[in-house]
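Survey of secondary and tertiary structure
One-letter residues, chain by chain:
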Amino acid sequence: MAADRTELALAGPAGLPEEPDAAQATGVGPGRLALRRLRRNRPALAFGVLFLVIVAMCLAAPIWSHDVAHIGPSGGDNLNQVVVDGKKKDVVSPDGVAIGPTWHGRYFLGAANPTGDDLAVRLLYGGRNSLIIGVSAAFITTCLALILGTLAGFLRGVTDGVISRVMDVIWAFPVILLGIALGTAFALGGINLGLVTIGSDSKLVPILIIAIVYVPYMGRPIRGQVLGLREREFVEAARAQGMRPLRLMFSEILPNLSSTVIVFFPLMVANAILLEAALGFVGVGVRLPEASWGTLIGLGVEKIQTGPHLAIVPGTMLVLAVLGLNVFGDGVRDAFDPRSTIREEH
């Protein structure tokens, strides 16, 4: 298997072997070679660091809330005022319009709503919810896609027919429309799985919806790759030695899908965050009083004339997070591509 991957790594655009460079000549494995290519892709690394910075900021939400803003995420102890140069300054006007940033820790980005919630605190806590939902949904999508794609591609026949048709049905609907439809249905009464009941206000609802919606987008490529792998010589040799199908899938097929999973996962996280924002924007994602970037954008659009920063700030955070993940994911894809033009210095 390692030899097969090394041959692919040395193949040029026309499928002909290239002259091995110094790294490949020393027997470097495909994983380490991909890591070295990724390290040479500085734009991808820079955007990856940008995403990590956003994650660190969101994880530090309790610290900012407690030690800097001195306001809880729901704003129960808000006084709607902040002291600037020894003078008290209102952050919400008498007619209930949020006034904008004070740049002094408390209400650093202004008030989030007429009740005087701190926008910076809500932004960081909302980012935590968006990231948790995005990563959790992408993880479940990856697990389901691996299981269904591997079973469909390896067993073929009736199993492949049933799994493929189910994925085709999901694939036929636009992602946002299907997500909103499922979110609206589950928002009314939650999810009842017999022994387990999930409330309509639980974050598990958008996680499961997003995870199911994106399964075909990862499961179909995995199925196609498994269809090719099951005909390879090393699988035929293992089958000839009497290895059972289940062991074949775990020992020969799944290890060869690792690069595909690594490439798809950051892109799935980015898509999941975007879909969660869409669900939150229309009110079927994270439920108030909790926040996410999508719910903050939705509330900000309602005040776009009097407080444009209420929509611009969470929208900017969403764009930067998704952009960072997408560019980094493209870099990971290029690193695992044997035809990549990125080469390491010697």
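Summarised in this report is the structure supplied together with it. Just so it is clear, the model here is predicted, and its values are computed rather than measured. (Residues numbered from 1 in each chain as written. Predicted model: local features only at pLDDT ≥ 70, side-chain atom pairs only at ≥ 80, totals over all residues. Heavy atoms only, no water.)

The helix and strand inventory of the chain stands at 15 helices and four strands. For the chain, the proportion of its 346 residues judged to be buried stands at 44%. Residue pairs at least 24 apart in sequence account for 68% of intrachain contacts in the chain once pairs closer than 6 positions are excluded. Split by element, the accessible area of the chain, about 17,600 Å² in all, is 66% carbon and sulfur. (Helix = DSSP H or I, 4+ residues; strand = E, 2+ residues; numbered from the N terminus. Buried < 20%, exposed > 50% of the residue type's maximum accessible area, 1.4 Å probe, protein only. Contact = heavy atoms within 4.5 Å. Areas by Shrake-Rupley, 256 points an atom, 1.4 Å probe, with all protein chains shown as cover.)

To continue, consider the packing of aromatic side chains. As enumerated under the stated definition, the model contains two aromatic pairs in all. Consider the rings of W171 and Y217, whose centres lie 4.7 Å apart with planes at 25 degrees: the pair is stacked. Here W171 is found in helix α7 (residues 157-172), whereas its partner Y217 is found in helix α10 (residues 215-229), with 46 residues between them in sequence. Seen in terms of ring centroids, Y214 and Y217 are 5.7 Å apart; in terms of plane orientation they differ by 65 degrees. Their pairing is edge-to-face. With relative accessibility at 26%, the residue Y217 sits in the partly exposed group. Here the basic side chain of R220 rests over the ring of W171, its NZ or CZ set 4.4 Å away from the ring centre. Against the face of F154 rests R230, its NZ or CZ located 5.4 Å from the ring centre. (Phe/Tyr/Trp six-rings, centres within 6.5 Å; stacked < 30°, edge-to-face > 60°. Lys NZ or Arg CZ within 6 Å of the ring centre and 35° of its normal.)

Packing of helix α9 (residues 204-213) against α10 leaves a shortest axis separation of 5 Å and a crossing angle of 35 degrees. Of α10, the residues touching α9 (which contributes A211, I212 and V213) are V215, P216 and Y217. By residue class, the composition of the contact of α9 with α10 is six nonpolar, no polar and no charged. (Axes fitted to C-alpha atoms, helices over the stretch in contact; angles between N-to-C directions. Nonpolar A, V, L, I, M, F, W, Y, C, P; charged D, E, K, R; others polar.)

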